[in-house]
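Listed below, chain by chain, are the residues.
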Amino acid sequence: MKNLKIVISSLIIIIVSSFLAIYGQLNEGTIITTERSDLELLSRLRLNHNMNAREEVTYERIEGDPFLYQDFAPGNLLLKTGESIPLNFRYDIFKGEIQFGKKDEIYALINPESISSVLIDTLRFIYSGYLKSPGDITSVENSWFILKKDGKCRLLIKKNLRLQAATPPKPYQEEGSPAKFIHTRDTYYVQPEGKSAAKIDNRKDLHDFLPDKSGKLSSFIKANNLDLKKVDDLAKIISFYNSL
């Protein structure tokens, strides 16, 4: 399996390099329409999947919005090889996937391990491992996160959504209520370099996960009256930690 990953990574480098040599680098942030050549390229890289080929959930029958960006926004896909491809993206919170394309032809990014980051409008997304159960290194799962603060320790934001089931009609009622997407509170994760991210709910979580500077962090939080449930305050704390 390791050798297979090496071969696939080598093929990605060769294919993308050839594409860029022929077509040249496109300007970052340029709004484009996904052309067939781009789709064929990503297909060869095994980085796309045609959404029209499968529909596990029919969103038309569900109230609410499962997207962070319902309309596609201009962005940039950055591969771990260093090459970048400008496309139009949106993030499907319910499916946990980044999609690109246009209204009648929508694709999802797959094999995110080959992708360094995806810029959508002003938000940068990274695909990272995180601890599903705090303190249990065997519970690592993967997800797309918004990168709020970069550095030796990252601050990541995970968007959350739940699907409320439809309810059948009650006696003497003609209709029940349809299923509905409900946006829930964002969760915040810190990720020291080389480690999986861990969710931070309170000061104890922060001190347990960043024990090397626990005393200085406590003093900084107290002196500035910071609230760990506010993402901007957490960003200040992580910036302070990275400066130590």
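Residues numbered from 1 in each chain as written. Predicted model: local features only at pLDDT ≥ 70, side-chain atom pairs only at ≥ 80, totals over all residues. Heavy atoms only, no water.

1. Observations concerning the pattern of salt bridges
Here is step 1 of the chain: Counted according to the given criterion, the structure contains 7 salt bridges.
Here is step 2 of the chain: Between Arg154 and Asp150 there is a salt bridge, with its nearest N and O atoms 3.3 Å apart.
Here is step 3 of the chain: The class of Arg154 is partly exposed, set by a relative accessible area of 27%.
Here is step 4 of the chain: Close ionic contact of Asp186 with Lys159 constitutes a salt bridge, the shortest N to O distance being 3.1 Å. With a gap of 27 residues between them, Asp186 in strand β10 (residues 180-192) and Lys159 in strand β9 (residues 153-164) connect regions that are remote in the sequence.
Here is step 5 of the chain: One continuous salt-bridge network, built from bridges that share partners, spans Arg185, Lys199 and Asp201. (Salt bridge = Lys/Arg side-chain N within 4 Å of Asp/Glu carboxyl O. Buried < 20%, exposed > 50% of the residue type's maximum accessible area, 1.4 Å probe, protein only. Helix = DSSP H or I, 4+ residues; strand = E, 2+ residues; numbered from the N terminus.)

2. A short note on the packing of aromatic side chains
Here is step 1 of the chain: Taken as a whole and assessed by the stated rule, the structure comprises 12 aromatic pairs.
Here is step 2 of the chain: With centroids separated by 5.3 Å and ring planes inclined at 90 degrees, the aromatic side chains of Tyr59 and Phe181 adopt a geometry described as edge-to-face. Here Phe181 lies in strand β10 and Tyr59 lies in the loop between β1 (48-50) and β2 (73-79), a separation of 122 residues in the sequence.
Here is step 3 of the chain: According to the relative accessible area criterion, Phe181 is buried, its value standing at 3%. (Phe/Tyr/Trp six-rings, centres within 6.5 Å; stacked < 30°, edge-to-face > 60°.)

3. A look at the packing of helix α4 (residues 214-224) against helix α5 (residues 231-243)
A pair of packed helices is captured by two measures, namely the crossing angle of their axes and the spacing between those axes.
Here is step 1 of the chain: Contact geometry for α4 and α5: axes closest at 10 Å, N-to-C directions at 140 degrees. In terms of orientation, α4 and α5 fall into the oblique class. The handedness of the crossing between α4 and α5 is right-handed. On α5, the residues touching Lys216, Leu217, Phe220 and Ile221 of α4 are Lys236, Ile237, Phe240 and Tyr241.
Here is step 2 of the chain: Within the contact of α4 with α5, the residues separate by chemical class into 6 nonpolar, no polar and 2 charged. (Axes fitted to C-alpha atoms, helices over the stretch in contact; angles between N-to-C directions. Parallel < 35°, antiparallel > 145°, perpendicular 65-115°, else oblique. Left-handed = near helix turned anticlockwise from the far one by under 90°. Contact = heavy atoms within 4.5 Å. Nonpolar A, V, L, I, M, F, W, Y, C, P; charged D, E, K, R; others polar.)

4. Details of the nonpolar core
Here is step 1 of the chain: One finds Phe89, Ile98, Ile120, Leu206 and Ile237 to be the most contacted residues of the largest nonpolar core, which totals 45 residues.
Here is step 2 of the chain: Residue contributions to this core peak at 7 residues, all from α5.
Here is step 3 of the chain: Membership of the second largest hydrophobic core comes to 7 residues, among which are Ile126, Phe145, Leu147 and Leu156. (Core = buried A, V, L, I, M, F, W, Y, C linked by side-chain atoms within 4.5 Å.)

5. Quick notes on the environment of Ile106
Here is step 1 of the chain: Its place among the elements puts Ile106 in strand β5 (residues 105-109).
Here is step 2 of the chain: Between the C-alpha atom of Ile106 and that of Phe89, which follows or precedes it by 17 residues, the distance is 9.7 Å.

6. Details of unusual backbone geometry
Here is step 1 of the chain: Backbone geometry at Asp121 places phi at a positive 60 degrees, although glycine is not the residue there.
Here is step 2 of the chain: When you line up the elements, Asp121 lands in the loop between β6 (115-120) and β7 (123-131).
Here is step 3 of the chain: We note that Asn225 has phi near 50 degrees; this positive angle belongs to a residue other than glycine.
Here is step 4 of the chain: Residue placement: Asn225 occurs in the loop between α4 and α5.
Here is step 5 of the chain: Given a relative accessible area of 70%, Asn225 falls into the exposed group.

7. Brief notes about the side chain of Gln99
Here is step 1 of the chain: With respect to the secondary-structure elements, Gln99 resides in strand β4 (residues 97-102).
Here is step 2 of the chain: Of note is the side chain of Gln99, whose polar atom sits 3.2 Å from the side chain of Asp92.
Here is step 3 of the chain: A polar side-chain atom of Gln99 sits 3.2 Å from a polar atom in the side chain of Glu97. (Polar contact = N/O pair within 3.5 Å; in protein donor to acceptor, adjacent residues only side chain to side chain.)

8. Let's talk about the pairing of β9
Here is step 1 of the chain: When strand β8 (residues 140-149) meets β9, the two strands line up antiparallel, connected through 3 bridges. Of the residues in β9, the one forming a bridge with Ile146 is Ile157.
Here is step 2 of the chain: In this structure, the hairpin formed by β8 and β9 is closed by a connection of 3 residues, where Gly151 is found at a positive phi of approximately 140 degrees.
Here is step 3 of the chain: Sheet topology places β9 next to β10; 11 bridges connect them, and they run antiparallel. Counted as the bridge partner of Arg162 is Ile182 from β10. (Pairing = 2+ DSSP bridges.)

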